[in-house]
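# Summary of structural features
So the chains spell out like this:
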Amino acid sequence: EPEVTQTPSHQVTQMGQEVILRCVPISNHLYFYWYRQILGQKVEFLVSFYNNEISEKSEIFDDQFSVERPDGSNFTLKIRSTKLEDSAMYFCASSTDRNEKLFFGSGTQLSVL
Amino acid sequence: GESVGLHLPTLSVQEGDNSIINCAYSNSASDYFIWYKQESGKGPQFIIDIRSNMDKRQGQRVTVLLNKTVKHLSLQIAATQPGDSAVYFCAASRDSGTYKYIFGTGTRLKVLA
C-alpha cells in the first residue's frame, strides 16, 4: 500500500540552526501538508501546498518556515533558525484532492536544544 | 476560532466490549470528518471518514455517526481488541475557503484484558 515517507525519524539540533525535514508524498497525490504535534497536544496545521505554491498557512508558519517541492517526489519543510519552541513531532501528509482523506507519514521528531 | 474537541481524555474498556469515542466540532460549515488512530511514536492512521450528507457510515468493526444538529460525531468500535489501544482523533474540514483540517485533542483508548 502506498505510504508517505519522512526522513529523518529524529533530528536533534542546536537553537538557531537550520533544519530541513524531508517527505515523499504518495505519488499520485496533488495536495501536500505539514502538521506538527507538540507532546501531548493537538495535531496543528502548518501549511498546505498545491500546484507548486503555498495554498494556505497558519500563524505558526512564520518567516522562519519555508516549504519546497524541489523535484517530482520530495516535499521539504525548512526551519531557518530553530527555536526551543519548535521542538515537536512534524508530520507530512498528502491527499488526492482537498477535502479528501489525508494520509500521514510517521513523522520527524525534532528536538531543539 | 474553530475547534474540534473530544469529550474524554481516556477511555478504558474490556476486551470484547464495544467502545464509543465522541467528538464535538464548532464550525457548522464543516462538511467532512475523519477519524484517525495514532499509536505511540507513529503518525495518524486513517480509520474512517464521513461527509455531511450522511448520518452513518460503517467500516470493518467501526461505525461513525454524525449528528449535524448538535455538531457531534462518534466512533464506535465493535468487539474491542488489544490492538485497538491507541489515541483516537477526529478531524474536520470544509470544502470551501480552507485547505486545513482541524484536529481534536484525542482520546486515549485502553483495552483491558
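These lines cover the structure that appears in this document, whether it is placed above or below. (Residues numbered from 1 in each chain as written. Chains lettered and ligands numbered in written order. Predicted model: local features only at pLDDT ≥ 70, side-chain atom pairs only at ≥ 80, totals over all residues. Heavy atoms only, no water.)

### Brief notes about the packing of aromatic side chains
Under the definition given, this model contains 20 aromatic pairs over all chains. Both rings, one in tyrosine 25 of chain B and one in phenylalanine 33 of chain B, keep their centres 4.6 Å apart while their planes meet at 45°; by these two values the pair is tilted. Phenylalanine 33 of chain B matches tyrosine 25 of chain B in its accessibility class, with the two residues each being buried. Ring pairing ties together the aromatic residues Tyr33, Tyr35, Phe45, Phe91, Phe103 and Phe104 of chain A together with Tyr32, Tyr36, Phe46, Phe89, Tyr101 and Phe103 of chain B, which thus form one cluster. Positioned above the aromatic ring of tyrosine 32 of chain B is the side chain of arginine 51 of chain B, whose terminal nitrogen or guanidinium carbon lies 4.0 Å from the ring centre. (Phe/Tyr/Trp six-rings, centres within 6.5 Å; stacked < 30°, edge-to-face > 60°. Buried < 20%, exposed > 50% of the residue type's maximum accessible area, 1.4 Å probe, protein only. Lys NZ or Arg CZ within 6 Å of the ring centre and 35° of its normal.)

### Some remarks on the state of the cysteines
In this structure the tally under the stated criterion is 2 disulfides over all chains. A disulfide bridge connects cysteine 23 of chain A with cysteine 92 of chain A, and the sulfur atoms are separated by 1.9 Å. Sign of the S-S torsion, about -65° for the bond between cysteine 23 of chain A and cysteine 92 of chain A, identifies this disulfide as left-handed. Of the two residues, cysteine 23 of chain A sits in strand E3 (residues 19-24) while cysteine 92 of chain A sits in strand E9 (residues 88-95), which places them 69 residues apart along the sequence. Across a sulfur-sulfur distance of 1.7 Å, cysteine 23 of chain B and cysteine 90 of chain B are joined as a disulfide pair. (Disulfide = S-S within 2.5 Å. Helix = DSSP H or I, 4+ residues; strand = E, 2+ residues; numbered from the N terminus.)

### Quick word on the interface of chain A and chain B
Listed per partner, the contact involves 20 residues of chain A and 26 residues of chain B. Buried area between chain A and chain B, summed over both chains or domains, comes out near 2100 Å², and the portion from carbon and sulfur atoms is 52%. Sorting the residues of chain A by area buried against chain B places Lys42, Arg98 and Asn99 of chain A first, and these three jointly supply 33% of that buried surface. Counting every contact that joins chain A to chain B gives 1 salt bridge. Between arginine 51 of chain B and glutamate 100 of chain A there is a salt bridge, with its nearest N and O atoms 3.0 Å apart. (Contact = heavy atoms within 4.5 Å. Buried area = accessible area lost by both parts, 1.4 Å probe. Salt bridge = Lys/Arg side-chain N within 4 Å of Asp/Glu carboxyl O.)

### Considerations on the pattern of salt bridges
All names here are of chain B. This structure, assessed with the given rule, holds 6 salt bridges over all chains. Ionic pairing is found between arginine 61 and aspartate 84, a salt bridge with its closest N-O pair at 2.9 Å. Placement of the pair is arginine 61 in the loop between strand E6 (56-58) and strand E7 (62-67) and aspartate 84 in the loop between strand E8 (72-77) and strand E9 (86-93), with a sequence separation of 23 residues. Relative accessible area serves as the criterion here: at 7%, aspartate 84 is assigned to the buried category.

### Description of the sheet that holds strand E8 (residues 75-79) of chain A
Residues and elements named next belong to chain A. Ordered by their spatial adjacency, 4 strands build an open sheet running E1-E3-E8-E7, and the pairing between neighbours is antiparallel. Both outer strands of the open sheet, strand E1 (5-7) and strand E7 (65-68), are each paired with one neighbouring strand and no more. Ignoring which end each strand starts from, the neighbouring axes of this sheet average 20° apart. Note that E1 and E3 share 3 bridges and pair antiparallel. Counterpart to threonine 5 in the pairing with E3 is valine 24. (Pairing = 2+ DSSP bridges. Axes fitted to C-alpha atoms, helices over the stretch in contact; angles between N-to-C directions.)

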